[in-house]
Amino acid sequence: MANADEQWADESAAPLYDNYSRIGGRARARHSLSLDTQVRAVGSVDRAALAVEHAQILELLANRWLSVAEIAAHLRTTMNVIRVHLSDLLEERLVAISSSAGRRARPSKEDLQKVINHLRAM
């Protein structure tokens, strides 16, 4: 039998528990958001009234579109945590999304030329 002072998990479990607790124990987002779904903050809200994570996301998304994956990378958290938070913000109508499904399947010639020019400049 384990000693009462002995912990059930080592320190490496802390980040997983921390992420789980930040999303209120929810395992799934209410909205389906892919890695490349673009998100942008819309409207205005008193950020002091929001959860810390929601305020951080809205600050990051002010005046720009970012993908779900980029948001997770900037905030150094898991995709699942970001998806849950973004679902909350979507329901509050504080973010807008744009999926890649509506975009052209192929980049324009101008965009490809820009990439080539940047690569040559390197």
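What counts and what doesn't
- Residues numbered from 1 in each chain as written.
- Predicted model: local features only at pLDDT ≥ 70, side-chain atom pairs only at ≥ 80, totals over all residues.
- Heavy atoms only, no water.
- Helix = DSSP H or I, 4+ residues; strand = E, 2+ residues; numbered from the N terminus.
- Buried < 20%, exposed > 50% of the residue type's maximum accessible area, 1.4 Å probe, protein only.
- Contact = heavy atoms within 4.5 Å.
- Areas by Shrake-Rupley, 256 points an atom, 1.4 Å probe, with all protein chains shown as cover.
- Patch = residues over 30% accessible without salt bridge, like charges linked within 9 Å, V, L, I, M, F, W, Y side chains within 5 Å.
- Salt bridge = Lys/Arg side-chain N within 4 Å of Asp/Glu carboxyl O.
- Pairing = 2+ DSSP bridges.
- Axes fitted to C-alpha atoms, helices over the stretch in contact; angles between N-to-C directions.
- Left-handed = near helix turned anticlockwise from the far one by under 90°.
- Nonpolar A, V, L, I, M, F, W, Y, C, P; charged D, E, K, R; others polar.
- pLDDT = per-residue confidence, 0-100.
- Core = buried A, V, L, I, M, F, W, Y, C linked by side-chain atoms within 4.5 Å.

S.K.: How would you summarise the overall build of the protein chain if you had to cite specific residues and measurements?
M.R.: Check the secondary structure of the protein chain and you find 5 helices and 3 strands. Secondary structure elements of the protein chain, listed N to C terminal, follow the sequence α-β-α-β-α-α-β-α. Taken across its 122 residues, the protein chain has 26% of its residues classed as buried. At a minimum sequence separation of 6, the contacts of the protein chain that also span at least 24 residues come to 71%. Here the protein chain has roughly 9,100 Å² of accessible surface; of this, 52% comes from carbon and sulfur atoms.

S.K.: Explain the environment of V45 to me, using residue names and the numbers behind them.
M.R.: Among the structural elements, V45 can be located in the loop between β1 (38-41) and α2 (52-60). Residues V45 and L94, spaced 49 residues apart in sequence, show a C-alpha to C-alpha distance of 7.9 Å. Discounting residues that sit within four places of it in the chain, V45 has contacts with L50, L58 and L94.

S.K.: I'd love a proper account of a nonpolar patch on the surface, names of residues and values included.
M.R.: Taken together, the side chains of V115, L119 and M122 make up a nonpolar region of the molecular surface, amounting to roughly 370 Å² of accessible area. Judged by its relative accessible area of 48%, V115 falls in the partly exposed class.

S.K.: If you had to explain the sheet that holds strand β2 (residues 66-67) to someone new, which residues and values would you point to?
M.R.: Sheet strands associate in pairs through backbone hydrogen bonding, adopting either a parallel or an antiparallel arrangement. Across the sheet, which stays open at both edges, the 3 strands sit in the order β2-β1-β3 with antiparallel pairing between neighbours. This sheet does not close on itself; its edge strands, each paired only once, are β2 and β3 (95-98). Here β1 pairs with β3 via 4 bridges, running antiparallel. For R40, the partnering residue across the bridge sits in β3 and is A96.

S.K.: Explain the packing of α2 against helix α3 (residues 68-75) to me, using residue names and the numbers behind them.
M.R.: Taken N-terminus to C-terminus, the directions of α2 and α3 make an angle of 115°; their axes are 11 Å apart at the nearest point. For the crossing formed where α2 meets α3, the hand is right-handed. Residue-level contacts link Q56, I57 and L60 of α2 to I71, H74 and L75 of α3. A per-class count over the contact of α2 with α3 returns 4 nonpolar, 2 polar and no charged.

S.K.: An account of the confidence of the model for the protein chain is needed here, citing residue identities and associated values.
M.R.: Of all residues in the protein chain, 69% attain a pLDDT of 70 or more, and the chain-wide mean is 76. The least confident element of the protein chain, judged by mean pLDDT, is helix α1 (residues 14-22) at 49; the most confident is β1 at 93. Scored below 50 in pLDDT, residues 12-17 shows 0 contacts in the model against residues more than four places distant or in partner chains.

S.K.: Can you explain the nonpolar core? Please cite residues and give values.
M.R.: The biggest cluster of nonpolar side chains holds 17 residues, and the ones touching the most others in it are L61, I71 and L86. Of all elements in the fold, only β1, α2, α3 and α4 (79-91) reach the threshold of two or more residues within this core. At 4 residues, the largest contribution of residues to this core is made by α4.

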